[in-house]
Each structure stands twice: as C-alpha cells, then as structure tokens.
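# Per-entry structural report
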Amino acid sequence: MSTTISKNISTSWRKDHAYTVCMVPPSDAIEAWDAITRARTQLRDPGLYRWPPHVNLLYPFVQWKEENKKDENHHDWNHITVSCNNDMDRKDLDINNSISEESQNRKLANQLIDLDTMTHLLSIASEQCEPFHVTVDNLGTFGGQHRGVLWLKPSSSCHNNNNTNDGNTVDDSKLPESNSTDIENEPFIHLQSVLEASFPMCNDVRRQTGNFSPHMTLSHFQSIDDALEAKQRVESWWCQEDDSTLSFYIQEIYVLKRSGDDGQFQIAATVLLGQDIPSKDRVILHNPPRSFPAMPDVEEDWVREERMKLKKRRNGNRRKGGRGGRRRRSRSRSTESNINYDRGPSRSTDTPEQIAQKRAIRAAKKRAQQMQLDATSYINQKDISPSLNDVTHDDIPVALDLQEAKDGREDLGS
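Here's what I pulled together on the structure shown here. Treat the numbers as computed from the prediction; the structure is a model and nothing was measured.

Let us look at unusual backbone geometry. Omega for the bond connecting Tyr-59 with Pro-60 falls within 30 degrees of zero, at -5 degrees, which places this linkage in the cis form. Assignment of secondary structure puts Pro-60 in the loop between strand E4 (55-58) and strand E5 (61-62). In this model, Asn-287 is joined to Pro-288 through a cis peptide bond whose omega is 5 degrees. Tracing the backbone through its elements, the reader meets Pro-288 in strand E13 (residues 283-290). Of note in this structure, Arg-44 is not a glycine but carries a positive phi near 55 degrees. Inspection of the secondary structure assignment puts Arg-44 in the loop between helix H1 (30-42) and E4. Take Arg-44: its relative accessible area is 40%, and that puts it in the partly exposed class.

Laid out in structure tokens, this is it:
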C-alpha cells in the first residue's frame with residue numbers, strides 16, 4: 001500500500017562562528033564605508049581585516065555541506081515529509097512517539113545542513129521582507145570591567161526619511177504582517193525575526209535580552225570606561241561633519257564565511273529581498289566566496305597585533321571563571337588517588353522510589369534511541385527517499401538549541 005508519513009522532526013543543524021547572515025552597507029554607499037572605516041582605523045579595531053562593516057542577523061550560522069551530493073544509502077532526516085511505498089504499518093514508522101525531542105535534537109545537532117535546504121529556507125525568509133532604508137547616526141557602548149564595545153546604532157525604515165540620493169522608496173503596505181515581536185514593523189526587526197523562524201537554532205543575537213538590538217561594532221576595548229572615552233573622541237569629529245547622518249538602501253543581505261582562524265569573512269551567498277524577486281533567483285551562491293571591494297587585501301601588522309591582544313584578554317577572562325578552575329582541581333585530585341576525600345552526606349532529596357524512576361526513564365530513552373536506529377536502518381534498506389519540494393514554511397520546526405555559543409567562542413571582532 002502507499003503511505004505518506006509527516007515527520008515533524010525538530011532540527012538543530014551544526015552552527016559555526018565561521019558563518020553568519022548579516023547586513024552590510026552596499027558597495028555603492030561610499031560615504032558610509034569611508035566614514036565607518038575611518039572610525040574603525042582610528043579606534044584600532046581588531047576586526048578591521050576580518051569583518052566588513054556589518055550587522056549580524058543570525059550569528060553563528062549553520063554550516064553547510066560544501067558539495068551538494070548525497071550518498072545513495074544516506075537519507076536526510078532534516079526534511080519534514082517522507083513519502084514511501086511499503087507494507088509496513090504506519091505505527092511502526094511513527095518512531096517519534098517513543099523518542100523525546102531532546103534526544104532527537106542532540107543527535108541532529110552535529111549534522112551539516114544540505115545546501116539546497118539552506119537556500120530554500122533563506123528564500124522563504126527573504127520573500128517576507130521588502131528592501132528598506134538604513135540610517136546610522138548614533139553611537140553606543142556596552143560592556144563592563146573587563147570588556148568594552150563601541151558601536152553604531154542603525155535604524156531602519158521602509159520610507160526614505162533622510163532624502164538619500166538613490167530615489168527609491170518602499171510602501172508600508174508591501175511589508176507582510178508580523179507578530180508582536182516585530183517592533184512597529186521596523187524592517188531590521190522584522191527581517192531578523194523571519195530569518196530566525198527559518199533557522200530557529202540560530203537565536204544567539206537576541207539570547208541575552210530576548211530582543212534583537214541591531215548594532216554595528218566599531219571596536220573592542222579593555223573596559224567600558226575605555227569604550228566611553230573612545231566614544232567621545234569619535235563624536236568630536238563625527239558630529240562636526242557637514243552631514244553626520246549616514247543613509248543607504250538595503251536590497252540584499254549576505255551569508256558570509258571565513259576560512260581558517262586568520263581568514264576574512266567573504267560573501268558565500270547574496271540573498272535578495274522582496275516578493276517581486278522570483279524564488280529561484282533570491283539566493284545567489286558564490287563559489288569560491290568573493291570579497292567586498294572596499295575590504296583590505298591583507299591584514300596589516302597592527303591589526304593582527306590588536307586581534308591577538310583581544311584574543312589574549314578573552315582567554316584570560318575565561319580562566320578567571322570557575323569552570324577552568326574546577327577542571328584543574330579535578331585533575332589534581334585524580335593524581336592523588338591515595339587520598340580519601342570525604343564528600344559528606346549526599347545533598348540529594350530524592351527518595352529511593354524517585355531514584356529508581358529516574359533510572360527507568362534513562363533506560364527507556366536508550367531503548368527509544370535503539371528503536372530509532374533500527375527504524376532508520378529498515379528505511380534505508382527499503383530505499384525511501386525524502387523530497388525537498390515537500391518542505392513548506394509552515395512545517396519549519398522549532399528546535400532546542402543544543403550548541404549554545406559560549407562567550408569565549410564568540411568570533412573576534414564581531
């Protein structure tokens with residue numbers, strides 16, 4: 001008989017700090033590039049070579065398979081719908097009833113996303129946001145005793161409120177309806193929201209506060225006090241310019257990728273915004289990735305020195321934390337096995353019945369995982385192949401993020 005099974009599998013593809021989806025001023029916005037580069041150079045930005053002026057929308061982003069080839073015996077469980085023709089009863093394939101979402105996500109967290117799937121999801125998101133205007137005219141800082149960041153605050157509008165010379169305007173009515181988190185339909189907020197809906201595991205840019213706050217980093221400092229002092233220096237000349245407001249028109253965003261620890265972020269894909277763009281043309285892949293025209297060809301010595309200083313500070317801040325200290329103490333104790341450490345009475349308040357119940361749950365999870373492996377092996381033998389065309393926007397799963405980006409793993413100069 002013919003059976004169609006819907007597989008609502010929560011997906012958490014592997015994320016990597018070498019990948020990002022971001023907004024970058026267009027290459028023809030020469031005044032914006034010049035002013036921002038001047039400020040970053042004056043402030044000795046460690047990321048001057050690695051990063052273009054940018055606003056991260058999804059960072060870190062998912063890592064994709066470089067070659068769009070599939071093993072004949074491999075089936076991509078990231079797809080939502082599986083169609084098959086066999087005599088197996090439906091209940092035998094419905095393995096999700098016995099497998100927790102947590103264990104499923106943990107297994108999928110290290111998978112690379114298929115290139116076709118990635119471009120399909122990016123196309124879904126970009127269709128929901130029309131081109132918009134960006135204005136940069138405010139400076140801000142954040143940080144604390146051991147870290148400081150000076151950044152530009154970009155605001156966005158579907159109207160050209162600053163009379164830029166591109167002559168383009170966008171009607172509010174063209175913007176699709178958004179939920180309450182899209183603050184007054186500000187395009188930046190809306191764009192990040194629809195992108196995260198397609199890639200729910202990439203929610204790091206708003207994890208700390210719960211809201212997305214667009215910012216364009218100018219430089220990093222040892223403390224917030226240093227960042228505030230730098231802010232005054234930049235304001236002394238920035239606000240005295242004939243036109244201290246930078247404005248440009250965003251019609252596309254970018255997927256950037258860097259190769260190696262010393263690599264520069266380059267354009268791996270251009271994503272065009274708007275409903276008027278045919279779906280097949282919304283995502284343009286660049287292989288090999290290409291650089292932005294105004295970016296430096298090589299990393300100058302002083303930029304690398306500043307980057308190494310920042311890296312050293314971040315490593316030092318991590319060592320001051322408790323985790324490394326606990327690991328070191330644990331290792332030192334293991335070398336003194338002849339010493340009996342009395343840990344005192346157990347702090348657990350569980351009853352023997354509760355402990356037995358927890359053990360039973362763990363054993364059940366192991367059995368469920370084995371059932372999944374058996375079912376996957378059976379389906380592979382029956383040559384059941386998923387179809388990318390079956391993926392729809394409404395079916396995009398909401399995932400548990402099992403690859404939480406640690407502060408120390410955040411890419412330098414971001």
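That covers the picture; the talk isn't over yet.
This next bit is on the packing of helix H4 (residues 115-126) against helix H5 (residues 187-198). In contact at an axis separation of 9 Å, H4 and H5 are set at 150 degrees when each is read in the N-to-C sense. The orientation of H4 with respect to H5, classified from their angle, is roughly antiparallel. As H4 runs across H5, the sense of the crossing is right-handed. Across from Leu-121, Leu-122, Ile-124 and Ala-125 in H4, the residues of H5 making contact are Val-194, Leu-195 and Ser-198.

Counting buried positions along strand E8 (residues 148-157) yields eight of ten residues, so the element is predominantly enclosed. Strand direction decides the pairing type here: strand E7 (residues 132-143) and E8, joined by ten bridges, are antiparallel. Pairing of Val-134 across the sheet is with Ser-156, part of E8. Linking two consecutive strands that pair antiparallel, namely E7 and E8, is a turn of four residues. Inspection of the sheet shows E8 paired to strand E9 (residues 216-221) by five bridges, in the antiparallel sense. Within E9, the residue paired with Val-149 across the bridge is His-220.

The rules behind these values
- Residues numbered from 1 in each chain as written.
- Predicted model: local features only at pLDDT ≥ 70, side-chain atom pairs only at ≥ 80, totals over all residues.
- Heavy atoms only, no water.
- Helix = DSSP H or I, 4+ residues; strand = E, 2+ residues; numbered from the N terminus.
- Buried < 20%, exposed > 50% of the residue type's maximum accessible area, 1.4 Å probe, protein only.
- Axes fitted to C-alpha atoms, helices over the stretch in contact; angles between N-to-C directions.
- Parallel < 35°, antiparallel > 145°, perpendicular 65-115°, else oblique.
- Left-handed = near helix turned anticlockwise from the far one by under 90°.
- Contact = heavy atoms within 4.5 Å.
- Pairing = 2+ DSSP bridges.

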